[in-house]
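# Report on the structure
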Amino acid sequence: GEWSVGQAKLQQSLGLSRQCQDPTLTAQALYLLNKMTSTYVDAIRGCEESLALWRQVGRPDRIVEVLNRVASWNYCLGDYVKAITYWQENIELCTALGMQDALAWALNGLGWVAWCQGDLATAQNYLQEGAESYRTIGMPSGVGYCLAALALVLRSGGAVEHAVAVAHQAVAIERDTEDRMMLVLSLTSLGAALIGVGDFAAARQAIQEAFQQLLVAQYPFFTVIAFYYFAELLMMESRAANLSLALERKSLSVA
């Protein structure tokens, strides 16, 4: 947890690696530093330089690792074209190298992108493939991650009952793991699905539990998703409330 110390050591390592003109050590230092940067833009810049160096030294295993990371950062910034390009390249590399964990990550990422672009059928296919890949290598938290995302896709497509069932599966899987971040996402997905079927009380319970988990550890990307669906829940609750409570719910939703 001593991020400032780790960052200082990595910066020192990066400087020495550049002085020695060692592309391998430079690439590794850049990749590790990208995890500690404060902005996605800086993280992408470091990843892309690291990626170019790994291509130079011919390390496809490292290329796969960095491609997944830089694709994720571009996705978070909304640059779906770049994210798709990087993940599509990674699928080819992962398949050739037999790197199932990295392949599952890429499939899951492409599923998120397709959902954000409104291509629900493609999103569903990618997420189902990703879940199956995670099952193959015995990574339950990854399976739950894909199922949580799939529940959001199903809800977007109007299959709300199916979404609730899939979200319940995701929550059950993540409760048996120690991956708090994935539990937060699965609970939020369950809340979103329950909003879709009109069970606001259960939705509130699921999303509030997600917030309780977020009090222990902050995950900005999933925090935003949780806030979004909680805001939606407040708006839905306002429709069945008296005027005073309705105005309070709407005010909270905006906040």
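Residues numbered from 1 in each chain as written. Predicted model: local features only at pLDDT ≥ 70, side-chain atom pairs only at ≥ 80, totals over all residues. Heavy atoms only, no water.

Take the packing of aromatic side chains next. Counted under the stated rule, the structure contains 13 aromatic pairs. Plain terms: the ring middles of Y145 and F222 are 6.2 Å apart, the flat faces sit at 85° to each other, and that makes the pair edge-to-face. With Y145 in helix α8 (residues 140-156) and F222 in helix α12 (residues 220-238), this residue pair connects regions lying 77 residues apart in the sequence. Considered together, Y145 and F222 belong to a single accessibility category, that of buried residues. Clustering of aromatic rings is evident, with ring pairs tying together Y75, Y80, W87, W112, W115, Y145, F221 and F222. (Phe/Tyr/Trp six-rings, centres within 6.5 Å; stacked < 30°, edge-to-face > 60°. Helix = DSSP H or I, 4+ residues; strand = E, 2+ residues; numbered from the N terminus. Buried < 20%, exposed > 50% of the residue type's maximum accessible area, 1.4 Å probe, protein only.)

What follows deals with the nonpolar core. Counting residues in each nonpolar core, the largest one holds 81 residues, and the members touching the most others are W87, W112, W115, L185, I207, F222 and Y229. For this core, the leading source of residues is α8, giving eleven residues. Residues contacting W115, with those up to four places away along its chain left out, are L120, A123, L152, V153, S156 and Y229. (Core = buried A, V, L, I, M, F, W, Y, C linked by side-chain atoms within 4.5 Å. Contact = heavy atoms within 4.5 Å.)

Here we come to the environment of K9. Considering the arrangement of structural elements, one finds K9 in helix α1 (residues 3-20). Overall, the relative accessible area of 55% leaves K9 in the exposed class. Between the C-alpha atom of K9 and that of R62, which follows or precedes it by 53 residues, the distance is 21 Å.

What follows is about helix α5 (residues 80-97). Compared with the 26 Å implied by 1.5 Å per residue over 18 residues, the 25 Å span of α5 between its first and last C-alpha is a close match. All of the buried residues along α5 are A83, Y86, W87, N90, I91 and C94. Angular distribution of buried residues about the axis of α5 spans 150°; they occupy a single face of the element. Of the exposed residues in α5, those oriented more than 90 degrees away from the buried face are V81, E92, T95 and A96. Of the surrounding secondary structure, the elements contacted by the buried residues of α5 are α3 (40-57), α4 (60-76) and α6 (100-116). Following α5 by one or two positions, G98 adopts a phi angle in the positive range, close to 70°. (Expected span 1.5 Å × (residues − 1). Arc of directions from axis to C-beta.)

This part covers the side chain of N74. Residue position: N74 is located in helix α4. Setting aside anything within four residues of it in sequence, one finds N74 in contact with I44, D79, K82, A83 and Y86.

The next subject is the packing of α6 against helix α7 (residues 120-136). Close contact between α6 and α7 brings their axes to 8 Å; oriented N to C, the two are set at 160°. As the angle between them shows, α6 and α7 are arranged roughly antiparallel. Handedness of the crossing formed by α6 with α7: left-handed. Residues Q100, D101, L103, A104, W105, L107, N108, L110, G111, A114 and W115 of α6 touch α7, and the partners they reach there are L120, T122, A123, Y126, L127, E129, G130, S133 and Y134. Across the contact of α6 with α7, the residue classes tally to twelve nonpolar, six polar and two charged. (Axes fitted to C-alpha atoms, helices over the stretch in contact; angles between N-to-C directions. Parallel < 35°, antiparallel > 145°, perpendicular 65-115°, else oblique. Left-handed = near helix turned anticlockwise from the far one by under 90°. Nonpolar A, V, L, I, M, F, W, Y, C, P; charged D, E, K, R; others polar.)

Attention shifts here to the pattern of salt bridges. Per the stated rule, a full pass over the model turns up ten salt bridges. The partner of E49 in a salt bridge is R18, and the shortest N-O contact between them spans 2.7 Å. With E49 in helix α3 and R18 in helix α1, this residue pair connects regions lying 31 residues apart in the sequence. Given the relative accessible area of 40%, R18 is considered partly exposed. (Salt bridge = Lys/Arg side-chain N within 4 Å of Asp/Glu carboxyl O.)

Another aspect to go through is the layout of surface pockets. Roughly 1,200 Å³ of volume is contained in the largest pocket. What lines the largest pocket is a set of 38 residues, and nearest its centre among them are R69, S72, W73, W105 and M181. The set of elements that each furnish at least two residues to the lining of the largest pocket consists of α2 (23-34), α3, α4, α6, α8, α10 (180-197) and α12. Considering every element that reaches the lining of the largest pocket, the biggest residue donor is α4, with eight residues. Across the lining of the largest pocket, the residue classes tally to 22 nonpolar, eleven polar and five charged. Approximately 250 Å³ is the volume found for the second largest pocket. Lining the second largest pocket are Y75, W112, W115, C116, L152, R155, S156, F221, V224, I225, Y228 and Y229. Counting only elements with at least two residues in the lining of the second largest pocket, the list comes to α6, α8 and α12. Here the lining of the second largest pocket is composed, by residue class, of ten nonpolar, one polar and one charged. (1 Å grid on protein atoms, 1.4 Å probe; cavity = no way out; pocket = protein on both sides within 12 Å on 5 of 7 lines; lining within 4 Å. Points joined across faces, edges and corners; volume = space filled by probe spheres on them.)

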